[in-house]
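Coordinate analysis (summary)
Below are the chains, spelled out letter by letter.
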Amino acid sequence: MEIASFLLGSVALVIQLFAKQSEIADIAKTTIELENDLSLPLPKTYDFIIVGAGTAGCLLAGRLSEKFSVLLLEAGGSPPPAAAVPFFSGTVGSDPDINYFFNTVDMTYGGVATVHTGKMLGGSGSHNDLVHNRGSPKDYDNIARLLNDSSWEYENVMEFFKKTETWQGTQHGEEDLSRYYGTDGPIVVQSVEFPILPIWFAAGRELGFKIGDPNGYQTESFQPSNTPTRNGQRSSTYAEFVKPYENTRENLTVVRYANVSEVLLNANNEAYGVAYTRHGHPQISYASKEVIVSAGVFSTPLLLMKSGIGPIETLEAAEGATRLAQPLGHNPFATDSKPGRSADRVFLCCPGQTTEQRKGIQLVFNITETQAFQTNFKLTYGQVPSPGCLDFPSDEYWRCHIHNEIKTWIHMVGSASLGPDSGDATTSVLDTRFRVRGVKALRVVDASVYPEVPNGNLNAPVMLAAEKAAAIILEDWDASGPPPEDNGGGFTGPNLLMSIIVTALAMLHL
Ligand SMILES: Cc1cc2nc3c(=O)[nH]c(=O)nc-3n(C[C@H](O)[C@H](O)[C@H](O)COP(=O)(O)OP(=O)(O)OC[C@H]3O[C@@H](n4cnc5c(N)ncnc54)[C@H](O)[C@@H]3O)c2cc1C
Ligand SMILES: *[C@@H]1O[C@H](CO)[C@@H](O)[C@H](O)[C@H]1NC(C)=O
Ligand SMILES: *[C@@H]1O[C@H](CO)[C@@H](O)[C@H](O)[C@H]1NC(C)=O
Ligand SMILES: *[C@@H]1O[C@H](CO)[C@@H](O)[C@H](O)[C@H]1NC(C)=O
Ligand SMILES: *[C@@H]1O[C@H](CO)[C@@H](O)[C@H](O)[C@H]1NC(C)=O
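Here's what I pulled together on the structure shown here. Computed from a predicted model, the values in this text were never measured in an experiment.

**Considering the site of ligand 2**
- Every residue close to ligand 2 is listed here: Asp47, Glu66, Lys67, Phe68, Ser69, Glu250 and Asn251.
- Contact between ligand 2 and aspartate 47: an oxygen atom at 2.5 Å from a side-chain N or O atom of the residue.
- Measuring from an oxygen atom of ligand 2, one finds a side-chain N or O atom of asparagine 251 at 2.3 Å.
- Protein burial of ligand 2: of its 360 Å² of free accessible surface, 45% is covered by the chains.
- Class assignment for the residues of the shell around ligand 2 results in one nonpolar, two polar and four charged.

Set out below in structure tokens:
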């Protein structure tokens, strides 16, 4: 125990040192790269600009740069070496140098929740807890129904799940795994063979559950855990889709410490580039095909609003908004969109909502009481009673305990949601092809796009969304076919002087 806390404490120091040194090294690099134009940004043009190198952004950059030139802009730097080691994910995930922290507004039932997301290459996929869980088939059938788009049905998204991964796990369920698992994708998925698995399975059988596989056809069952790891190290979208190609693929340009302040739109509401800073130096880059925002569930809507895209009332209320675009609807996680605040996300809206959690707690107790657990472990309930909660272990006690203890698993979605093509900007930000409604050449691809939270952890669904979006984008820009109707019009960026003015404006209202 003491060795563990000593180790974690030293790792925290090493992470801070690494973060500082990386930033200093990048400042030197930036200065050299910008030597000739420190005062005047010299715009370069790429086919695609991707804002945010998180789980989604890295996967997209990897796929698109196989055919097109891609600029990947990331506000943070490289993940610290400790990020590769699963044991350190808690330490990596809570370090302020490489994470964002967001507080909710006061919640309906009291209190403020804090969430944190990754600020480094790989994003939250570089520090998350490495649970790899696609969710329920019903999630995808439900999304297909919500979007009126059968391509989202479970049977149809399977090819994208498989495309992303190479499965190296051990089968425990009875399913035909070749139907469910990929064999040659970049992300390596392994099953965690804890020594207690046989006892876990025996307990499950005693309670009448089947033994299943977390990423086969998900049903209620007792399962091992799957993790995205390659030889015991984190297999993130940064590690697999970007890092190996960063210095070898001429069409992939990655810029660290690039803080994007605005997506640039021309008079036709067409995105033609982005404004950003590198260590305080204003920069601009042009996209001849599209800008793709993958800045994560909080920063994506913020960036859209800073670019003048969002609900009219919000834009008018925000100080410094210089331009209004379409009155885009949103599916807000955030009701208060001022930078720095987020979300009146109500974890529990009303007392009745604790019923499901109560069942979960009961199931845990039932598991501890199985023959399998009783003969192998001597378990007693050791937690001190929740403060202010009376009559342990009554239902009333557990309701109170749940209100005290409930927290998010950081699976936020829906801040720039997909919606049916029959909808409009008042019903969802995006159409089914991830295009921002009312704006040309601009898409959003990250956790924001899910209209509802999938019934599992989020990283695999975010990879799915990015893999699906990559296929759609490549299809739209297939060199052999005609350019897509909605994104047509070609490159219409303004001249250099104009872009410097726009950059200056963007800087002013940061
Ligand atoms: C602590 C924690 C634990 C988790 N555990 C699990 C787990 O075990 N299993 C699981 O499946 N999921 C887990 N998740 C969820 C999952 O990791 C995330 O949902 C997923 O990584 C989100 O991917 P994303 O692409 O939407 O955003 P992110 O991966 O967060 O990436 C967004 C990127 O954009 C960058 N960015 C933001 N703003 C700008 C800007 N203005 N300019 C330039 N760049 C910008 C950020 O720095 C970041 O790198 C966890 C999440 C957290 C936070
Ligand atoms: C780089 O991208 C361009 C399109 O901008 C494409 O024509 C070219 O083939 C790509 N080069 C490579 C080596 O993939
Ligand atoms: C736990 O066990 C009790 C007693 O057998 C049973 O009534 C209850 O349904 C079980 N609950 C769960 C969630 O499994
Ligand atoms: C759903 O899509 C079909 C075409 O695929 C269309 O005919 C139908 O009108 C759509 N329904 C709704 C409610 O959007
Ligand atoms: C990016 O710029 C904004 C606005 O100045 C600032 O609030 C934010 O902290 C910056 N983010 C990073 C990662 O530097």
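**A word on the nonpolar core**
- Counting residues in each nonpolar core, the largest one holds 84 residues, and the members touching the most others are Leu60, Trp152 and Leu442.
- Top element by residues in this core is helix H14 (residues 459-476). It accounts for nine residues.
- Contacts of leucine 442, omitting those with residues within four sequence positions, involve Val263, Ala271, Val291, Val293, Leu304, Ile309, Phe434, Arg435 and Val436.

**Re the sheet that holds strand S9 (residues 225-230)**
- Taken in spatial order, the four strands line up as S5-S6-S9-S10 in an open sheet, and their pairing is mixed. Strand pairing shows two members of the sheet lacking a second neighbour, strand S5 (165-167) and strand S10 (233-234), which therefore form its edges.
- Pairing analysis gives three bridges linking S5 to strand S6 (residues 187-192), with the strands arranged parallel. Within S6, the position partnered with tryptophan 167 by the bridge is valine 189.

**Section: the state of the cysteines**
- Summed over the entire model, instances satisfying the criterion amount to one disulfide.
- The disulfide bridge from cysteine 389 ends at cysteine 400, spanning 2.0 Å between sulfur atoms. The sign of the -75° torsion about the S-S bond sets the cysteine 389-cysteine 400 disulfide as left-handed. Residue cysteine 389 is located in the loop between helix H12 (371-376) and helix H13 (395-405), and its partner cysteine 400 is located in helix H13; the two are separated by 11 residues in the primary sequence.

Conventions and cut-offs
- Residues numbered from 1 in each chain as written.
- Chains lettered and ligands numbered in written order.
- Predicted model: local features only at pLDDT ≥ 70, side-chain atom pairs only at ≥ 80, totals over all residues.
- Heavy atoms only, no water.
- Near = heavy atom within 4 Å.
- Polar contact = N/O pair within 3.5 Å; in protein donor to acceptor, adjacent residues only side chain to side chain.
- Areas by Shrake-Rupley, 256 points an atom, 1.4 Å probe, with all protein chains shown as cover.
- Nonpolar A, V, L, I, M, F, W, Y, C, P; charged D, E, K, R; others polar.
- Core = buried A, V, L, I, M, F, W, Y, C linked by side-chain atoms within 4.5 Å.
- Buried < 20%, exposed > 50% of the residue type's maximum accessible area, 1.4 Å probe, protein only.
- Helix = DSSP H or I, 4+ residues; strand = E, 2+ residues; numbered from the N terminus.
- Contact = heavy atoms within 4.5 Å.
- Pairing = 2+ DSSP bridges.
- Disulfide = S-S within 2.5 Å.

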